[in-house]
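# Structural description and commentary
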Amino acid sequence: MSIKKCSLCNAEYDDEVNSVCPVCGGGEDEASEISEETTPVLEETSENESDAIAVEEDAEKENDGEEKVCACKKNPLAVVAIILAVLVVIAAAWLVYAKVSLSSYIPDPINAKSFTVNDVEGTYIDNTLGVQYAFKLEPTEAEVVREPDPATDSAADSAANSAAEPEKMGTEFFDGTFLCSYNKDIIPEIIARDYVSFSHNTEDYAAYKAEKKLKDDDYLGYVKSKDLTDEMDKFDMDNNITASLEAYSENGYWKYENGIIAIYGDNAQHQLDLFVTDNGLIQDGTLFAGKIERKEAFNAQFTMEQIEAGTAVNIRLYKDGYFLFENVSPEGVPSIMAGTYRIEDGKIYLNLEGNESAFYLTDSGLTPYLFVK
């Protein structure tokens with residue numbers, strides 16, 4: 001029998017029974033062998049001195065390698081700690097990047113380049129208005145109906161049309177149907193927002209947001225914190241708001257082509273367009289077009305052209321955190337208001353005299369409404 005002592009954990013074991021330490025799995029240390037027979041040691045001679053040193057160095061390297069591997073076996077937490085340390089470094093690097101890159105914060109639920117008619121199907125919600133579009137992909141043929149328009153028809157024609165049925169203008173094919181309605185989960189927030197404005201509590205609400213350091217609106221939380229729920233409920237019932245919003249629905253048809261979802265009413269007449277972007281669907285007439293620099297504050301101009309009114313509305317941002325809201329009339333005389341802005345989590349918050357408005361930062365520009373699936 002030959003008793004050996006493990007060089008790692010110092011446990012003694014019989015090498016005839018176990019070739020390695022049964023406690024930690026480590027190898028043996030020949031120098032620490034306990035035996036009646038003495039193991040010969042390399043003799044140091046002038047001829048073999050360099051060879052002996054090389055053998056000893058190789059043996060030390062092997063023992064070092066064994067010790068490192070076994071240390072991981074003995075303490076798996078060491079491996080976990082190393083992995084966590086790497087993850088912490090990666091997370092820290094991501095946070096540094098996110099501070100100067102808004103693309104990390106902007107919602108990115110859509111791949112506009114690969115978007116097809118099949119991707120339209122589903123429900124898209126805008127959390128600001130609380131409005132949602134539920135699209136169904138079902139090829140449909142519908143009859144186009146022209147309603148009388150008092151604004152363009154003469155008085156005599158209008159009188160005649162009032163008794164006549166709408167004009168039928170043939171049929172048209174559509175990619176599917178939709179239902180537009182209010183999201184019931186957002187209705188209480190809408191009522192609270194209307195109540196705060198109606199009760200002239202906007203300044204107190206602004207102080208509430210500042211005190212709570214809120215990024216986004218929380219009208220419902222404000223009402224509850226001020227014990228105004230009963231008053232808000234009365235305001236709701238007197239104006240029939242909840243019942244009206246829950247009952248609201250609009251049916252129609254849609255077509256998709258080249259990144260645009262064209263919306264048609266139940267009379268198959270075109271109503272509006274929704275533009276497909278990587279960030280979500282943007283309704284026409286709500287986009288301030290412009291280039292976004294991926295920084296916390298930057299110089300830029302975003303423009304919304306109101307063609308029918310012959311005006312243009314500009315939002316000019318400056319690196320010092322100020323902005324100008326500029327309304328240019330057909331005569332070329334601008335009406336200008338100044339305020340401050342901040343950027344957080346993919347949104348820009350414009351503050352004019354204490355009233356704050358939020359806009360989504362998208363690849364196409366700024367928009368107050370963004371429909372996300």
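Refer to the structure printed above.
Procedures and definitions
- Residues numbered from 1 in each chain as written.
- Predicted model: local features only at pLDDT ≥ 70, side-chain atom pairs only at ≥ 80, totals over all residues.
- Heavy atoms only, no water.
- Helix = DSSP H or I, 4+ residues; strand = E, 2+ residues; numbered from the N terminus.
- Buried < 20%, exposed > 50% of the residue type's maximum accessible area, 1.4 Å probe, protein only.
- Contact = heavy atoms within 4.5 Å.
- Expected span 1.5 Å × (residues − 1).
- Core = buried A, V, L, I, M, F, W, Y, C linked by side-chain atoms within 4.5 Å.
- Phe/Tyr/Trp six-rings, centres within 6.5 Å; stacked < 30°, edge-to-face > 60°.
- Arc of directions from axis to C-beta.
- Pairing = 2+ DSSP bridges.
- Axes fitted to C-alpha atoms, helices over the stretch in contact; angles between N-to-C directions.
- Salt bridge = Lys/Arg side-chain N within 4 Å of Asp/Glu carboxyl O.

The helix and strand tally for the chain stands at eight helices and 17 strands. Burial statistics for the chain: of 373 residues in total, 31% are counted as buried. Nonlocal contacts in the chain, meaning residues at least 24 apart in sequence, comprise 49% of its contacts between residues at least 6 apart.

Let us look at helix 4 (residues 187-198). In this model helix 4 runs 16 Å from its N-terminal to its C-terminal C-alpha over twelve residues, within 8% of the 16 Å that 1.5 Å per residue would give. Three or more residues of helix 4 are buried, namely Ile187, Ile190, Ile191, Ala192, Tyr195 and Val196. On its buried face, helix 4 sits against strand 5 (167-182), helix 5 (202-212), helix 6 (219-225), helix 7 (229-239) and helix 8 (241-247). One or two steps after helix 4, the chain reaches His200, where phi turns positive at roughly 60°.

Now for the nonpolar core. Judged by nonpolar contacts, the single largest core of 18 residues is most densely connected at Tyr133, Phe135, Trp254, Ile261, Ile263, Leu274 and Leu281. Elements supplying a minimum of two residues to this core: strand 4 (131-146), strand 5, strand 6 (249-257), strand 7 (260-265) and strand 8 (270-277). Phe135 has contacts with Val120, Glu121, Gly122, Tyr124, Thr177, Phe178, Trp254, Ile261, Ile263, Leu274 and Leu281, leaving out every residue within four places of it along the chain.

Attention now goes to the packing of aromatic side chains. For the structure shown, the criterion picks out 17 aromatic pairs. Seen in terms of ring centroids, Phe174 and Tyr264 are 5.0 Å apart; in terms of plane orientation they differ by 65°. Their pairing is edge-to-face. Of the two residues, Phe174 is situated in strand 5 and Tyr264 in strand 7; the sequence distance between them amounts to 90 residues. An aromatic cluster is defined as three or more aromatic residues linked by ring pairs; in this entry it consists of Tyr124, Tyr133, Phe135, Phe178, Trp254 and Phe371.

Turning to helix 7, its buried residues number three or more, namely Met232, Phe235 and Asp236. Around the axis of helix 7, the buried residues are gathered within 100° of arc, so they sit on the same side. Opposite the buried face of helix 7, by more than 90 degrees, sit the exposed residues Asp230, Lys234, Met237 and Asp238. Directly beyond the C-terminal end of helix 7, a positive phi value near 55° is found at Asn240.

This paragraph deals with the sheet that holds strand 3 (residues 122-125). What the seven strands build is an open sheet, ordered 3-4-5-6-7-8-9; its pairing is antiparallel. Two strands close off the open sheet at either side, each with one partner strand: strand 3 and strand 9 (280-283). On average, adjacent strands in this sheet sit at an angle of 40° to one another, irrespective of strand direction.

Attention shifts here to the pattern of salt bridges. Enumeration according to the criterion identifies ten salt bridges in this entry. Ionic pairing is found between Arg193 and Asp194, a salt bridge with its closest N-O pair at 3.8 Å. Looking at Arg193, the relative accessible area reads 29%, which means it is partly exposed. For Asp194, a relative accessible area of 31% translates into the label partly exposed.

Nothing here speaks to function; it is geometry throughout.
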